Amino acid sequence: MNNKVIRSIFAIFLARLAINVTRRFPYPFVSPIGESFGVSAVNIQNVIGLTNGAGLLSPLFGTVSERYGKKTVMIGALLMMTGLSALGAIFADYAVFVVVMFGFVVGKIIYDPTFQAYIGDVIHFSRRARVMGIAELSWALSLVIAAPVAGFLLDVSTLQAIFAFLAVLLGTSAFVFWLLVEPIDQKIRQRRLRILSPLSAMRIVSAHPPAVFALFFTICLTASHEIFYINYGLWMEDSFGLILTALGAVTIVIAAAEVIGEFIVITLADRYGAKRTSMCGMLTAAICFLIIPNLSFSLPVAMFGIFVMFICVETAIVSALPLFSEILPESRAIMMSANVGAHSLGRMAGAALGALIYNFSAGNFLLIGLVAGGLGILAFLVMLRFIPASGTETH
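Residues numbered from 1 in each chain as written. Predicted model: local features only at pLDDT ≥ 70, side-chain atom pairs only at ≥ 80, totals over all residues. Heavy atoms only, no water.

(A) Geometry of the overall build of the protein. The helix and strand inventory of the protein stands at 16 helices and zero strands. Against the compact-globule benchmark of 21 Å for 395 residues, the protein has a radius of gyration of 21 Å, which places it among compact chains. Expressed along its principal axes, the backbone C-alpha trace of the protein runs to roughly 60 × 55 × 35 Å. Every one of the 395 residues in the protein was classed for burial, and the buried ones make up 53%. Long-range contacts, defined here as pairs at least 24 residues apart, represent 86% of the contacts in the protein between residues at least 6 apart. Of the roughly 16,400 Å² of accessible surface on the protein, 70% is carried by carbon and sulfur atoms. Of the side chains in the protein, 24 bear a positive and 19 a negative charge, and the two mean positions are spaced by 13 Å. (Helix = DSSP H or I, 4+ residues; strand = E, 2+ residues; numbered from the N terminus. Rg over C-alpha atoms; globule rule 2.2 N^0.38 Å. Buried < 20%, exposed > 50% of the residue type's maximum accessible area, 1.4 Å probe, protein only. Contact = heavy atoms within 4.5 Å. Areas by Shrake-Rupley, 256 points an atom, 1.4 Å probe, with all protein chains shown as cover. Lys, Arg positive; Asp, Glu negative; His and termini not counted. Charge placed at Lys NZ, Arg CZ, Asp CG, Glu CD.)

What follows is the structure, encoded as structure tokens:
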């Protein structure tokens, strides 16, 4: 990679780190945030749930960067989020908070597939997994920034101080982005201006079988993980009676697993193949879903199983990104936007199905693990049979 590309990747990473801080700071502080508005913690949780579902809107924005250019669109998303942060810093109002948090998600679902498509344009496929893995580190690192900074500002000031901090962080990131990121070659942009509407984008994706199977893989992966994820806390409560201890430990486990999974992709995916790495992660995660419900005899063993599971899920998700970015090389932003939508659909379906199974089976975690494991194995088989290793091959 030349120096211009390295500078561009650095600016993209910095901007995504800032964007991810906007997503992660509310989770540990739902109670004090609710108190600052005079509402219950449940209200804040509902806002977070609403924003999680907003990813379904991502395909609607898939054509924007194809039409106006990736650098322009990413800077636009950053500036929009900067303005929203300033709005939240000025007005201490619950309705404004809801609008700002929803706007943050819209900015993220515009930025993420666009930066993934940008990397697909400027980085050769043989090195793309390493670069995308580095970019994905911003998700894990954002928690390291979000939790202590938000906690300190809430302790010494108010929620408005957090929004002021975010405004500065996002505004600085937008400036660095404008300064360092190289625009996509004009010929590439002109070639993609033909795609103008979400409907035409849907036709592009649905007409290409590997793209459809890639989205199906994503839905199965995220649904299997969500089915397990929303129920494991209840299982740990029933099995070990250590709610606070377990949850605190799992928070550390999740953060560590995210980093390890991303480093696996950075170090191994280009060498051994993104498809092979993703399949190994998915199959091992599926096996963990099946095994963990049988580990109620030991908290350390159960925690180790959960640790391995999170590593494998993160590996499967991140190593699939460079693979999917090559499935529709002429319409990368559209493909990656559709993938973001598939992630949201999988999470929503998995959460609903997980709750249904839990209630129907009276909390039978063995059944929950069986369903999650079955979906994980289905995702593995779809990747094995229907998604080409280079992204552009046909069957």
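(B) Main features of unusual backbone geometry. Phi is positive for alanine 362, close to 60 degrees, though the residue is something other than glycine. Turning to its location among the elements, alanine 362 is positioned in the loop between α15 (332-360) and α16 (365-386).

(C) Spatial organisation of the environment of glycine 83. With respect to the helices, strands and loops of the structure, glycine 83 is situated in helix α5 (residues 70-90). For the pair glycine 83 and valine 100, spaced 17 residues apart in sequence, the C-alpha to C-alpha distance is 9.3 Å.

(D) Broad picture of a nonpolar patch on the surface. Judged by side-chain polarity, Leu283, Ile287, Leu290, Ile291, Leu370, Ile377, Leu381 and Leu384 come together as a nonpolar surface patch covering roughly 640 Å² of accessible area. Mapped onto the elements, leucine 381 comes out in helix α16. (Patch = residues over 30% accessible without salt bridge, like charges linked within 9 Å, V, L, I, M, F, W, Y side chains within 5 Å. Salt bridge = Lys/Arg side-chain N within 4 Å of Asp/Glu carboxyl O.)

(E) Quick look at the pattern of salt bridges. Applying the stated criterion across every chain yields a total of nine salt bridges. Among the ionic pairs, arginine 128 bridges to glutamate 326, the shortest N-O distance being 2.5 Å. With arginine 128 in helix α7 (residues 125-156) and glutamate 326 in the loop between α14 (299-324) and α15, this residue pair connects regions lying 198 residues apart in the sequence. Each of the two residues, arginine 128 as well as glutamate 326, counts as buried. The closest approach of N and O atoms between arginine 130 and aspartate 270, which form a salt bridge, is 3.9 Å. Taken together, the residues span a long stretch of sequence, with arginine 130 in helix α7 and aspartate 270 in helix α12 (residues 243-272) at a distance of 140 residues.

(F) Inspection of helix α3 (residues 41-53) at higher detail. Here α3 contains 13 residues, and its C-alpha end-to-end distance of 19 Å stays within 8% of the 18 Å for a straight helix at 1.5 Å per residue. If you check which residues of α3 are buried, you get Ile44, Val47, Ile48, Thr51 and Gly53. Buried residues along α3 sit against α1 (3-24), α2 (30-37), α6 (94-122) and α15. (Expected span 1.5 Å × (residues − 1).)

(G) Up close: the packing of aromatic side chains. Scanning all chains against the criterion turns up 15 aromatic pairs. Relative to phenylalanine 163, the ring of phenylalanine 104 lies with its centre 6.3 Å away and its plane at 45 degrees, an arrangement referred to as tilted. In this pair, phenylalanine 104 sits in helix α6 while phenylalanine 163 sits in helix α8 (residues 159-180), placing the two residues 59 residues apart along the sequence. Exposure remark for phenylalanine 104: the relative accessible area of 0% places this residue in the buried category. Look at tyrosine 229 and tyrosine 232: their rings are 5.6 Å apart centre to centre, the planes differ by 25 degrees, and that puts the pair in the stacked class. Of this pair, tyrosine 229 and tyrosine 232 both sit in helix α11 (residues 209-240), three residues apart, which is roughly one turn of the helix. Taking relative accessible area as the criterion, tyrosine 229 reaches 33% and is therefore assigned partly exposed. Residue tyrosine 232 is classed as buried on the basis of its relative accessible area, which comes to 7%. Of the aromatic side chains, those joined through ring pairs into one cluster are Phe25, Phe37, Tyr94, Phe97, Phe104 and Phe163. (Phe/Tyr/Trp six-rings, centres within 6.5 Å; stacked < 30°, edge-to-face > 60°.)

(H) The layout of surface pockets, seen in detail. Approximately 300 Å³ is the volume found for the second largest pocket. If you trace the second largest pocket, you find 16 residues lining it, with Pro59, Met202, Val205, Leu215 and Ala338 closest to the centre. Where the lining of the second largest pocket is concerned, the elements lending two or more residues are α10 (198-206), α11 and α15. Residue composition of the lining of the second largest pocket, grouped by class: 13 nonpolar, three polar and no charged. (1 Å grid on protein atoms, 1.4 Å probe; cavity = no way out; pocket = protein on both sides within 12 Å on 5 of 7 lines; lining within 4 Å. Points joined across faces, edges and corners; volume = space filled by probe spheres on them. Nonpolar A, V, L, I, M, F, W, Y, C, P; charged D, E, K, R; others polar.)

(I) Broad picture of the packing of α3 against α6. Between α3 and α6, the least distance of the axes is 9 Å, while the angle of their chain directions is 30 degrees. With respect to their mutual orientation, α3 and α6 come out roughly parallel. For the pair α3 and α6, the sense of crossing is right-handed. Packed against α3, whose contacting residues are Asn43, Ile44, Val47, Leu50 and Thr51, the element α6 presents Tyr94, Phe97, Val98, Met101, Phe102 and Val105 at the interface. Residues of the contact of α3 with α6, tallied by class, amount to nine nonpolar, two polar and no charged. (Axes fitted to C-alpha atoms, helices over the stretch in contact; angles between N-to-C directions. Parallel < 35°, antiparallel > 145°, perpendicular 65-115°, else oblique. Left-handed = near helix turned anticlockwise from the far one by under 90°.)

(J) Focus on the environment of leucine 84. Note that leucine 84 resides in helix α5. Taking the relative accessible area as the measure of exposure, leucine 84 reaches 13% and is therefore buried. Distance from leucine 84 to phenylalanine 228, taken between C-alpha atoms, is 34 Å for residues 144 residues apart in sequence. Non-local contacts of leucine 84, meaning those with residues more than four positions away in its chain, are made with Val100, Gly103 and Phe104.

(K) Highlighting the side chain of threonine 51. Secondary-structure assignment places threonine 51 in helix α3. Engagement of the side chain of threonine 51 in a polar contact is seen with the backbone oxygen of isoleucine 48, the distance being 2.6 Å. The residues touching threonine 51, leaving out its near neighbours within four places in the chain, are Arg23, Met101, Phe102 and Val105. (Polar contact = N/O pair within 3.5 Å; in protein donor to acceptor, adjacent residues only side chain to side chain.)

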